[in-house]
Amino acid sequence: MASRFWTQGGSDSEEEESDYEGESDSGLGAGEGSRAQTNRYLKGTNASDSEDSDGQRRVVRSARDKRLDEMAATLDQIRNAININDWVSLQESFDKINKQLEKVARVIEGDRPPNLYIKALVMLEDSLAEALANKEAKKKMSSSNAKALNSMKQKLKKNNKQFEDYITKYREKPESEEEDEEDKEEEEEEEGSEFEEDLTRIAKPDDEEEEEGEEEGEGTEGGWEKKTSKKDRLMDKQFMKDPSEITWDIVDKKFKEILAVRGRKGTGRIEQVEQLTFLTKVAKTPAQKLEILFSVISAQFDINPSLSGHMPINVWKKCVDNMLLVLDILEQNPNILVDDSVEPEEKESQKGADFKGTIRVWGNLVSFVERLDTEFFKSLQCIDPHTNEYVKRHRDEPMFLVLAQNVQGYLERLGDFKGASRVALRRVELVYYKPQEVYDAMRKLAEQRADAEERDDGEAGDEGVVFEEEIRGPPPFVAVPEVVPRVPFFPESSRDFMDSLISFIYEHGDERTKARTMLCDIYHHSIFDQFAVARDLLLMSHLQDGVQHMDRSTQILFNRAMAQLGLCAFRAGLVPESFGCLSELYTGGRVKELLAQGVSQSRYHEKTPEQEKLERRNQMPFHMHINLELLEAVHLISAMLLEVPNMAVNSPDSRRRVISKTFRRLLEVNERQTFTGPPENVRDHVMAAARALTHGDFRRCADLVSSLGTWKLLRDQESVLAVVEAKIKDEALRTFLLTYAGSYESLSLDRLAAMFELDGPHMHAVVSKMMVNEELQASWDQPTGCIVFHNVEPSRLQALAFQLTDKLGILAESNERAYEAKTGGGLDGLPPRRRGDAQDYGGGGGGGKWQDGSFASTAGKSGRSGYSGGGRYGGGGGGGGGFSRDRQASRVGGGGGGGYQGGRYQDAYGRSPYQTATRGSQLETSARMVNLSRSARA
Amino acid sequence: MALLQNFDLTSRIATHLDRHLVFPLLEFLQERQQYPDDEILKAKIELLSETNMVDYAGDIHKSLYHTEEVPKEMLERRAEVVMRLRSLEDAAAPLISFLQNAALVQELRADKQYNLMMLNDRYQIGPDQIEALYQYAKFQFECGNYSGAADYLYQYRTLCTNSDRSLSALWGKLAAEILMQNWDTALEELNRLKEIIDSKNFASPLGQLQSRIWLMHWSLFIFFNHENGRNGIIDLFFQDRYLNAIQTNAHHLLRYVATAVIVNKRRRNMLKELVKVIQQEQCSFKDPITEFLECLYINYDFDGAQKKLRECEIVIMNDPFLGKRVEDGAFSSVPLWEEFLENARLFIFETYGRIHQRIHIGMLAEKLLMDEDEAKRWIMNLVRSSKLDAKIDLASSSLIMTPNHLNVYEQIIENAKNLSMRTSVLAKSVLEFSQPVGTR
């Protein structure tokens, strides 16, 4: 019976069988005998289990039948279509049957396609060959039909390649296949149904591997696939018959074999994990078990090959369990050393548990932990944050923290402080963004888990398979009690948690780890409203200087820390500090990108797919986001508080001192509107508030600001708003005084205080400060409590004289700049143009370099002429205001004489005079090219 | 009393001092009677227990518990100390006898290697003896024999080749000089030490920082006693590295920096920087003196400044470094406080006057902690010595400031002033540039 079964079971079963015989040194007969043994064994030990499988069979069977019926229906359709030679409908049917195959594969064990399918394929192939052979008929076909025929030919060829084996087998003996199908499946189900679910993605035998030389490997692979899919049977065949017969060598050999096919095309990844997991159970020595476990873990990581996707969650969990198991073993056998620098000797892991010396096993705990964390992070990136799944996924966090904690502890005991600090960093990165409430919730969850046996029922479905497998399998040879604690330890406050880890990392970590930790620390302090501490940390570490050279994710972390610091400063009422932290984030209009909280589309340049991918990979998961609305509100309000009084200062040079360009631009846009509607979003609100503030109307301003919905995200909303209101009052007072100073001779303190609802002393302080800083030309008259303004309105002559000196200053400056340009500073710096497009001025550096290059090749004289050309341009351009770069180019092309570009051109060509018109037209193109390349650089 | 103890920095300073240096601080506290006597005596015994000044500790014990008995462990310790002293003395004896002979010392030269060779060859004094000298000196210091320790350490330094040892010898020497109140020598030692700390590439930046902080704390003894110390402290503490050290780990030193700046008339330019630092650190250290400056220069809160000024008095009187008394007959006064008050008044008055055009004198007097007549006299003096552009209007008893606004024309001249300079520089450089071209 058994042999009969095997010949039918798989396409290459004969080969397998013989292979297997050769390897395991046991004859077929022995195999048969031992199989019976297992069955007994199974019955004896796991009676309940087999009942389970019975129940399951019924369910599965009905689903399977349904699928198969569907497939049969499709097959009929195909048959009909072939008869009437209708290739269009054939094509449809073919697609349909392929889809059905997928479904079927999900229900039944997918290691071979159902015979119905193969039959369909064979039919299709035959009729296709027929149709192609019949050239006459082909010509008669309608165009759509012919098209369908051709595409069918392609598809089928591609598709059939996968099933070539089956097809040939089928062709050999179609009948027996069909006959035996049923009873074979019956058989299979008895034992195999447990595993079917898990084995959906079994690899198809790979054609390419069947080439000579590979045959051996292919054969064994197939064998192992079989074995795992019907594990019980194979187990006894190989190992279960008698534990004493299994030697280290057998296990090692198998292990090596499995490893050899790793990563090859067509190797079932899940398969491998299963196989290796099984091997861990039969491993003879702890060291060997460890060795295999490491491979299990790497194989588990291999399951998801793409960079953007994430590891399946249940695999992730198993992986964590495996890691814990590894730690258990290591904990128990302190003489085993995990190392990835030295290649261990061949027989190293043969040494048993009683071996006293050190045993080296290849592996790297730290990178495994890091990889696990990365996978966790990725899964959170991918899962839709609005689903229950996302929330559920978060519950796994303590699991990882346990592992990290244990690994860190282990490494510390071992003295590998560098690795330990890397692991510690991972722990820090999981906690740093959590406010105390969230931290508490996590702590409670972890404690609950400890009580409730760690696994909640909702997930039992997924894990059931794993569980039963464990129960079913033989008791592992190397029993590993759970030594390592499975419950994470969390201190009461997250600050303590952070502190302990951080000080450890500072002591032992490398540069990058330290920098990241520092940023996390800053972030954490900011959340907890400790602005001074966070600021000192930032300043002392000099992180801002070096952050440009760090990797992307560290830069993002830096941006996040800065944003959080800004929010913290704002909550503490430190407006200038807050603005300082946030303004840089908002200058480019790319906040989302900088904080990695979504992709912002840029109007000006398209991103390459690689860039986009990279960006996507760095995205923050939703729960770590900093609320952008709040951030924008804080940024704009602090900009408003600084900028509005600054705009009111009407000193001659106020134009140069712009505090927030972004704010000014927004305000300008807002003021240009013909009709202003009621404010809708954050920006509108703040703009309306700013306009109220310019008129000194602090009440309206405060109302508008406090009506923002986003404040409810703040923990102590009231106190923050109170501070903001006080600040608004101050700034309204300042704006009022600066704006209307000219209209008053004197103002009484009391009256002013009543106007702005401020108390006297505070007001006195504010006004005094303005006087001292010479913003306000006034002084106090103490006995009467008045501000006396000494506004000296300059006479016309005086005003003109001021203007004159200003102009002279500008002239001198432009001369200096021209000189600088001449000596290699960059000709673009000519002031008229600079003023015109100061906004997008940025190509100066590049242009300067270009100029340098040309200078090197020219003699001084021509350099001078070039310069004079530039001067001429400056004169012409001054009248027209700003010249955009494109206009320059066209100007040169059109005029041809004495343009700026002309001068430059002359530079580049040394002394050769530029006179002819033909040269001029050549010049045009070259000049434009330069321009283009430069604007690209800019 | 509680307020007083709030301002007391002794415990914070003491952690950065040598045991022996803490002693004067405790003496001062005892004198001011801020704390119960018993507590201070206990602290003293605690302090002495680690040193070898056993007899002194015994005395204190007697006065503390009013007994004639000295506890047994103290006696035992005494015997041990004496024994140890003997053995160290023996070990260092050859070298000491050599050093005590002036004629022989003459033979030593500036070259260390030569000296070592010579000692080894002619007097059989090797590295062991030199090491013993160091131990002996240390022991002497521990016993309170500072002058002896200072001498030995000085000589040790001429012979020693180990730079770490030499450094600790220098620290020991500095402590000894401070305790002997030889301020001039101490200052020299201080500068020497500072040079070593700044130049030496310390193994860890942390160690360097710690050394700097120690140095600053020790220097307080010198600077507030040496005649030129007022400038010295500003010079030292305002160096970037030292200022950073203060901001990192020794915020309480701001009190002394602030006081020094206020008192020192010639270093007013430092005030701006100081105020910046104080503002930055206001959350980590608060003290009436720094708060006074904060009120005056950050918040422009004159009432607050006045309040703080009163508190400053308490602080200065009770600070071991600042509140040094000068006995003048039956009169004892704290000279520093008087200077401080005078300067603080000037500060207030200056700022106040700058933003007012008319001030009631009574009000001003109140702000300056004076009575009205005194204030009038004080202001009169200022006006007379033409430090102040103002007139007193006795009828309304107010002070009228002369506004000093920059004339428009002056402003214009100011604006245009540097134009000619800039142009001439430009012209010159253009000429320079074109010259080689012309000759080519």
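See the structure shown above.
Residues numbered from 1 in each chain as written. Chains lettered and ligands numbered in written order. Predicted model: local features only at pLDDT ≥ 70, side-chain atom pairs only at ≥ 80, totals over all residues. Heavy atoms only, no water.

**What to know about the packing of helix H9 (residues 127-143) of chain B against helix H11 (residues 163-180) of chain B**
Residue and element names in this part refer to chain B. As a packed pair, H9 and H11 sit with axes 11 Å apart at the nearest point and diverge in direction by 30°. Judged by the angle between their axes, H9 and H11 are roughly parallel. Where H9 crosses over H11, the two elements pack in a sense that is left-handed. Here Glu-131, Tyr-134, Gln-135 and Phe-141 of H9 come into contact with H11, specifically with Arg-165, Ser-168, Ala-169, Gly-172, Ala-175, Ala-176 and Leu-179. (Axes fitted to C-alpha atoms, helices over the stretch in contact; angles between N-to-C directions. Helix = DSSP H or I, 4+ residues; strand = E, 2+ residues; numbered from the N terminus. Parallel < 35°, antiparallel > 145°, perpendicular 65-115°, else oblique. Left-handed = near helix turned anticlockwise from the far one by under 90°. Contact = heavy atoms within 4.5 Å.)

**Here we look at a nonpolar patch on the surface**
Residues and elements named next belong to chain A. The grouping of Leu-804, Leu-808 and Leu-811 at the surface amounts to a nonpolar patch, some 270 Å² of accessible area in total. Here Leu-808 is to be found in helix H38 (residues 796-825). We classify Leu-808 as partly exposed; its relative accessible area is 36%. (Patch = residues over 30% accessible without salt bridge, like charges linked within 9 Å, V, L, I, M, F, W, Y side chains within 5 Å. Areas by Shrake-Rupley, 256 points an atom, 1.4 Å probe, with all protein chains shown as cover. Salt bridge = Lys/Arg side-chain N within 4 Å of Asp/Glu carboxyl O. Buried < 20%, exposed > 50% of the residue type's maximum accessible area, 1.4 Å probe, protein only.)

**A look at the interface of chain A and chain B**
Frequently, the measure chosen for interface size is the accessible area that the parts lose on association. Contacts between the two partners involve 34 residues from chain A and, on the opposite side, 32 residues from chain B. Buried surface at the junction of chain A and chain B, summed over both partners, amounts to about 3200 Å²; 64% is from carbon and sulfur atoms. Considering only the side of chain A, the residues that lose the most area to chain B are Val-772, Gln-782 and Tyr-819 of chain A, jointly responsible for 19% of the buried surface there. On the surface where chain A and chain B come into contact, there are two salt bridges. Two residues, Glu-816 of chain A and Arg-422 of chain B, come together in a salt bridge whose shortest N-O distance is 3.1 Å. Of all the secondary structure elements, the ones that give two or more residues to the side of chain A that touches chain B are helix H25 (531-541), helix H37 (760-772), strand E4 (778-781), H38 and helix H41 (860-880) of chain A. The biggest single contributor to the side of chain A that touches chain B is H38 of chain A, with 13 residues. Of the residues belonging to the side of chain A that touches chain B, the class tally is 13 nonpolar, 13 polar and eight charged. Pairing analysis gives two bridges linking E4 of chain A to strand E3 (residues 356-360) of chain B, with the strands arranged parallel. In the strand pairing of E3 of chain B, Asp-781 of chain A is matched with Arg-358 of chain B. (Buried area = accessible area lost by both parts, 1.4 Å probe. Nonpolar A, V, L, I, M, F, W, Y, C, P; charged D, E, K, R; others polar. Pairing = 2+ DSSP bridges.)

**So, the packing of aromatic side chains**
Residues and elements named next belong to chain B. With the rule as written, the count across this model stands at 23 aromatic pairs over all chains. Each ring, one from Trp-171 and one from Trp-218, has its centre 4.9 Å from the other, and the planes form 75°; the classification is edge-to-face. With a gap of 47 residues between them, Trp-171 in helix H11 and Trp-218 in helix H13 (residues 205-223) connect regions that are remote in the sequence. Accessibility expressed as a relative area gives 12% for Trp-171, which makes it buried. Judged by its relative accessible area of 6%, Trp-218 is buried. (Phe/Tyr/Trp six-rings, centres within 6.5 Å; stacked < 30°, edge-to-face > 60°.)

**As for the packing of helix H14 (residues 229-237) of chain B against helix H16 (residues 254-263) of chain B**
All names here are of chain B. Where H14 meets H16, the axes come as close as 9 Å, and the angle between the chain directions of the two elements is 130°. By the criterion of interaxial angle, the relationship of H14 to H16 is oblique. H16 is crossed by H14, and the crossing has left-handed handedness. Facing H14, whose interface residues are Arg-230, Ile-233, Ile-234 and Phe-237, H16 presents Tyr-256, Val-257, Ala-260, Val-261 and Val-263. By residue class, the composition of the contact of H14 with H16 is eight nonpolar, no polar and one charged.

**Remarks on the pattern of salt bridges**
All names here are of chain A. Taken as a whole and assessed by the stated rule, the structure comprises 38 salt bridges over all chains. A salt bridge links Glu-429 to Arg-516; its shortest N-O distance comes to 2.5 Å. Note that Glu-429 is positioned in helix H20 (residues 417-431) and Arg-516 in helix H24 (residues 511-527), a separation of 87 residues in sequence. Judged on exposure class, the residue Glu-429 and its partner Arg-516 are both buried. Between Arg-699 and Glu-757 there is a salt bridge; the shortest N-O distance is 2.8 Å. Residue Arg-699 is found in helix H34 (residues 698-706), and its partner Glu-757 is found in the loop between helix H36 (749-756) and H37; the two are separated by 58 residues along the sequence. Judged by its relative accessible area of 41%, Arg-699 is partly exposed. Linked through salt bridges whose partners overlap, the residues forming this network are Glu-370, Asp-373, Arg-422 and Arg-426.

Just geometry here; none of it tells us what the structure is for.
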